[in-house]
Amino acid sequence: MSFRKFESDAEVIAFARQNSPIFSSEARLHVDEIGDGNINFVYRVADGAGNSLIIKQALPYVRIIGESWPLSQDRIRIEAEALRMAGEHCADLVPQVYHFDAALCAIVMEDIGSHDNLRHALIARRRLPLLAEHLGRFLADTLFFSSDLYLDAHRKKALVKSFINPDLCKISEDLFFVDPYCDHERNAINAPLRADAEALWNDDLLKLEVAKLKAKFLNQAEALLHGDLHSGSVFANETGTKVIDPEFAYFGPIGFDVGSILGNYLLNFAGQANLPGDASERRDYQQWLLDGMATLWQTFESRFRQHMAEQTNDPSLQLPQYADWYLGQLLADSLGYAGTELIRRTIGLAHVADMESITDPAQRAESERLALQLGRTLIVEREQLADMEAVIQRVKALAG
Ligand code: SR1
Ligand code: MG
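Residues numbered from 1 in each chain as written. Chains lettered and ligands numbered in written order. Predicted model: local features only at pLDDT ≥ 70, side-chain atom pairs only at ≥ 80, totals over all residues. Heavy atoms only, no water.

Of all the residues in helix H7 (residues 194-201), the buried ones are Ala-197, Leu-200 and Trp-201. Buried residues of H7, seen end-on, are gathered within an arc of 100 degrees and therefore sit on one face of the element. (Buried < 20%, exposed > 50% of the residue type's maximum accessible area, 1.4 Å probe, protein only. Helix = DSSP H or I, 4+ residues; strand = E, 2+ residues; numbered from the N terminus. Arc of directions from axis to C-beta.)

Turning next to the site of ligand 1. With respect to spatial proximity, the complete set of residues near ligand 1 consists of Asn-38, Ile-39, Trp-69, Leu-175, Asp-228, His-230, Phe-248, Arg-344, Arg-345 and Ala-350. At 3.5 Å, a side-chain N or O of His-230 approaches an oxygen atom of ligand 1. Taken by itself ligand 1 offers 320 Å² of open surface, and the protein chains cover 95% of this. Classifying every residue of the shell around ligand 1 gives 5 nonpolar, 2 polar and 3 charged. Split by domain, the residues of the shell around ligand 1 number at least three in each of domain 1 (9-110) and domain 2 (116-399). (Near = heavy atom within 4 Å. Polar contact = N/O pair within 3.5 Å; in protein donor to acceptor, adjacent residues only side chain to side chain. Areas by Shrake-Rupley, 256 points an atom, 1.4 Å probe, with all protein chains shown as cover. Nonpolar A, V, L, I, M, F, W, Y, C, P; charged D, E, K, R; others polar. Domains from an automatic or database assignment.)

Evaluated as defined, the whole model comprises 32 salt bridges. Glu-81 is the salt-bridge partner of Arg-77, the closest N and O atoms lying 3.1 Å from each other. Taken as a pair, Arg-77 and Glu-81 lie in helix H2 (residues 74-89) at a separation of 4 residues, close to a single helical turn. Asp-183 serves as the salt-bridge partner of Arg-194, at 3.2 Å between the closest nitrogen and oxygen. (Salt bridge = Lys/Arg side-chain N within 4 Å of Asp/Glu carboxyl O.)

We now examine the packing of helix H10 (residues 279-311) against helix H11 (residues 320-347). As a packed pair, H10 and H11 sit with axes 11 Å apart at the nearest point and diverge in direction by 145 degrees. The handedness of the crossing between H10 and H11 is right-handed. Of the residues in H11, those touching H10 at Trp-297, Phe-300, Glu-301, Phe-304, Arg-305 and Met-308 are Tyr-322, Ala-323, Asp-324, Tyr-326, Leu-327, Leu-330, Leu-331 and Ser-334. Across the contact of H10 with H11, the residue classes tally to 10 nonpolar, 1 polar and 3 charged. (Axes fitted to C-alpha atoms, helices over the stretch in contact; angles between N-to-C directions. Left-handed = near helix turned anticlockwise from the far one by under 90°. Contact = heavy atoms within 4.5 Å.)

This part takes up the packing of aromatic side chains. Taken as a whole and assessed by the stated rule, the structure comprises 20 aromatic pairs. Where Phe-177 meets Tyr-337, the ring centres are 6.2 Å apart and the plane angle is 75 degrees; that geometry is what we call edge-to-face. On the criterion of sequence distance, the pair formed by Phe-177 in helix H6 (residues 166-177) and Tyr-337 in helix H11 is long-range, its members being 160 residues apart. Accessibility expressed as a relative area gives 7% for Phe-177, which makes it buried. By way of ring pairs, the aromatic residues Phe-144, Phe-145, Tyr-150, Trp-297, Phe-300, Phe-304, Tyr-322, Trp-325 and Tyr-326 are connected into one cluster. Above the ring of Phe-41, the side-chain terminus of Lys-5 is found at 4.4 Å from the ring centroid. Sitting above the plane of the Phe-41 ring, Arg-63 keeps its charged end 5.7 Å from the centroid. (Phe/Tyr/Trp six-rings, centres within 6.5 Å; stacked < 30°, edge-to-face > 60°. Lys NZ or Arg CZ within 6 Å of the ring centre and 35° of its normal.)

In structure tokens form, the structure reads like this:
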């Protein structure tokens, strides 16, 4: 069978029936196209009796741009394999993959509809009591168990090869590390923020540090990353968390994943300064976000350290002092990449609703200015910020 885009509901329904056992043969099924992401087509198929699943299809181009931005469909194989690998270590934190169809470039997977998009939940100032702990565990387990700290040397290199993902990496290489640091045509800059963006383009110290982070992104095959761990790639409710969409997965620096999600906590923190609603409620929620960052890092750090102590077989990597040094490096990397996420979401191509929902451009610029300042600080001071408590104090000082 060769590739073709699903052209009708009937085709999507037939594919769902063929590739999952969850519907009875008499059930009347209906389809909704639910994708609100930038890149793919996503459908929910349901029977009206409480059974449903998700079908995601990757076309040979970027959905929001069209055929002028071609994109390898190998990304959907990568996503299916990354979900399956994550499921081996934290099955409760990812959707189950029922079927992957290489010819149709489609995944059939569990519907996580009882969870809400984390970005929308954060904008609505929902408190999700288990979120930070779940994210810390997801990061520690997926990243440790795909690194040389755990894997046999041959298995690790075979995996690196199988997750070579050049098209999707190139998007991140450009959108994170190139466009925001020059007057690039892909950038989108709120008019009152123009002077701040121009100052950043002339900031050679910042650009030097971003170059170092980019070099690591290009060269450091440390672990299998999710590769796009922003708050739109997380669904959550009061009791559960699901991480979706690892189509950008590749072997890269661990700090990129940890930093991406920390950066999204801080994007919401900056947005809350000017989002609608009661000021004291918004300030309290900013504190909840900072507490969440502390819990996330503490969960990640202690679990990763425990894995290193108990599950690292290579004797050359077993020294406790090495674990101390290594986790210090991971914190610095994570802060740096959090900074690049803050900056690229503020003046680059792909903005976030945490800021865009602030309708007044001048007010939005205030939040965006804070995001740029936080981003710059995390990047240039990443080696000096000794622990997450120091980071939080620095964030509070900048927020005023
Ligand atoms: C053209 S893709 C823009 C952004 O959307 C994805 O989710 C990634 O974050 C990417 O950078
Ligand atoms: Mg995505």
